[in-house]
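Here is what each chain is made of, one letter per residue.
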Amino acid sequence: MNSVFKREVDNTLKVTPLATQISSEPSDEMLISQFVKGSKSSYELLVQRYKKRVFEFIYFQIKQHRHDAEDLTQDVFVELYKKVENFRHESKFSTYLFSIAKNIVLNYFRSNSRFFSFSQLLNKSEDVEIINLHDQLSNEAEQKQILLAINSLSADERQIIYLCDKENFSYLQVSEILNIKLGTVRSRLSTARQKVISALRDN
Amino acid sequence: MKCNDIQINLGEFMDNEMNHEKSLMIKKHVQECKQCFNQTQNILFLKQQLESLKGPSLNSDFEIKLQERIKKSNTKSNYSKFLALAASIALIAPLVHYLTFQPQLNVQKQFIIELESIGKTAFDEYESFHKWTQVVSSEESLVCGDAMSKRYCSLDKQYLSRI
Ligand SMILES: [Zn+2]
């Protein structure tokens, strides 16, 4: 690449820290527009900001295969780099990024059919008495139980429960990320939660 | 409303995804019904548990690997672009010659932004990793960041590429 403006690093350039003028960090949307214009630094800031969230999302989707989760997280950010122009500014950046992550997880499942465990968790009869799980589970066992329970969900259910309850995305955002209808978000989320609650109750 | 109908809607109620009127009705029922109240507590419990789920930390070389992969994919795509161009030239050249047609290369000018490092920042390692700074010229903007774990500032400058 040939640069018209190739020049020596200008150390005398006067720079005023903006931090004193603007207290908040640059928004995702600001960074993504800078990145679309070619700013690699903005891309790197977005990676810094989201790598952990994307990694954890993938990690819990693919049942704690750490190494694969790291590779897939890389895939997400490579994809973001290559297809940044696909980002539409009417949706939030996080929604866009998680939809990339969702697709990458989906492809992973397609090529690793062994991870598909649609083990159907019991849909117990309606008349069973609802006990309060707070009373039943001890603190230290809780995380382990919850992990077992979400691992036993279908991939679709695990995705939705994670996006809603861990990531706190709104139903509308989840419908965008997963490309499903709002009604499907409601019903699938409700089913997933009920399965986890039942699994915790029965263990 | 029966408990079953209420319980179907409890998730939406807990997520604040319900209209005000319906929400009030559910709230009233939950305050009076032990079964449905327990279910709200279970959903709350579930949400709290999921919120506190923690994965392992990412390897420290994550960014370095990512940078390498991006470089690789860039080289690949540049190479394939070159191949495509070479192939099209090979196909078109004889035809052009035959027709004594001088093709007008329509070089599309496009803005490319080049980043140039203009020096390192002196941020403390534990300080927040980036800060926005400002340059006076409107054609230049400065981005400071902890890119690939090197603390630096860089200057975004626009220039016209010559393909
Ligand atoms: Zn009830």
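In what follows, the structure referred to is the one given above.
The paragraphs below set out a description of the structure included in this document. (Residues numbered from 1 in each chain as written. Chains lettered and ligands numbered in written order. Predicted model: local features only at pLDDT ≥ 70, side-chain atom pairs only at ≥ 80, totals over all residues. Heavy atoms only, no water.)

**With respect to the side chain of B:Asn9**
Heads up, the rule is: Put simply, DSSP marks the helices as runs of H or I at least four residues long and the strands as runs of E at least two long, and each gets a number from the N terminus on. Any two residues whose heavy atoms approach within 4.5 Å are treated as being in contact.
Note on placement: B:Asn9 falls in helix 1 (residues 3–14). Residues in contact with B:Asn9, not counting those within four places in the same chain, are B:Met1, B:Met18, B:Lys22 and B:Ile26.

**As for helix 1 of chain B**
Just so we agree on the cut-off: In this analysis, the expected span of each helix is defined as 1.5 Å times one less than the number of residues it contains. Per-residue accessibility, obtained with a 1.4 Å probe over protein chains only, is compared with the maximum for each type, and a residue is labelled buried under 20%, exposed over 50%, and partly exposed between these values.
Given a rise of 1.5 Å per residue, twelve residues ought to cover 16 Å, and the 16 Å separating the end C-alpha atoms of helix 1 of chain B matches this to within 8%. Among the residues making up helix 1 of chain B, those that are buried are B:Ile6, B:Asn9, B:Leu10, B:Gly11, B:Glu12 and B:Phe13. Tucked inside the fold, the buried residues of helix 1 of chain B contact helix 8 (171–178) and helix 9 (182–202) of chain A together with helix 2 (20–32) and helix 3 (34–51) of chain B. Positive phi appears at B:Asn16, one or two residues downstream of helix 1 of chain B, with a value of about 60°.

**Points about unusual backbone geometry**
All names here are of chain A. The residue Lys63 is not glycine, and still its phi comes out positive at about 55°. Here Lys63 shows up in the loop between helix 2 (40–61) and helix 3 (66–82). Although it is not a glycine, Asn179 sits at a positive phi angle of roughly 55°. Owing to a relative accessible area of 66%, Asn179 belongs among the exposed residues under this scheme.

**Thoughts on the packing of helix 2 of chain A against helix 3 of chain A**
Residue and element names in this part refer to chain A. Heads up, the rule is: Only the stretch in contact is used when fitting a helix axis, every axis being a line fitted to C-alpha atoms; angles between N-to-C directions are given from 0 to 180 degrees. Crossings are classed by handedness, with left-handed meaning an anticlockwise turn of the near helix from the far one by less than a right angle and right-handed meaning a clockwise turn. Side-chain classes are defined by residue name, with Ala, Val, Leu, Ile, Met, Phe, Trp, Tyr, Cys and Pro counting as nonpolar, Asp, Glu, Lys and Arg as charged, and the others, Gly among them, as polar.
Two elements in contact, helix 2 and helix 3, have axes separated by 9 Å at closest approach and are oriented at 145°. Of the two elements, helix 2 crosses helix 3, and the hand of that crossing is right-handed. Where helix 2 abuts helix 3, its residues Lys40, Tyr43, Leu46, Val47, Tyr50, Lys51, Val54, Phe55, Ile58 and Tyr59 lie against Arg66, Ala69, Glu70, Leu72, Thr73, Val76, Phe77, Val78, Leu80 and Tyr81. Looking at side-chain class alone, the contact of helix 2 with helix 3 contains 15 nonpolar, one polar and four charged residues.

**So, the pattern of salt bridges**
Pairing is possible between side chains of opposite charge, provided their charged atoms come close. Spelled out, the test is: Every case where a carboxyl oxygen of Asp or Glu lies within 4 Å of a side-chain nitrogen of Lys or Arg is listed as a salt bridge.
All told, the structure shown has 17 salt bridges over all chains when counted by the stated rule. Between A:Lys51 and B:Glu63 there is a salt bridge; the shortest N-O distance is 3.1 Å. Of this pair, A:Lys51 sits in helix 2 while B:Glu63 sits in helix 4 (residues 62–99), placing the two residues on different chains. Side by side, A:Lys51 and B:Glu63 carry an identical accessibility label, which is buried. Each of the salt bridges in this network shares a partner with another, and the network as a whole consists of A:Asp165, A:Arg193, B:Asp15 and B:Lys47.

**Details of helix 4 (residues 93–111) of chain A**
The terminal C-alpha atoms of helix 4 of chain A lie 28 Å apart, and with 19 residues this matches the ideal 27 Å at 1.5 Å per residue to within 8%. Taking burial as the measure, the 19 residues of helix 4 of chain A include 14 buried ones, the bulk of the element.

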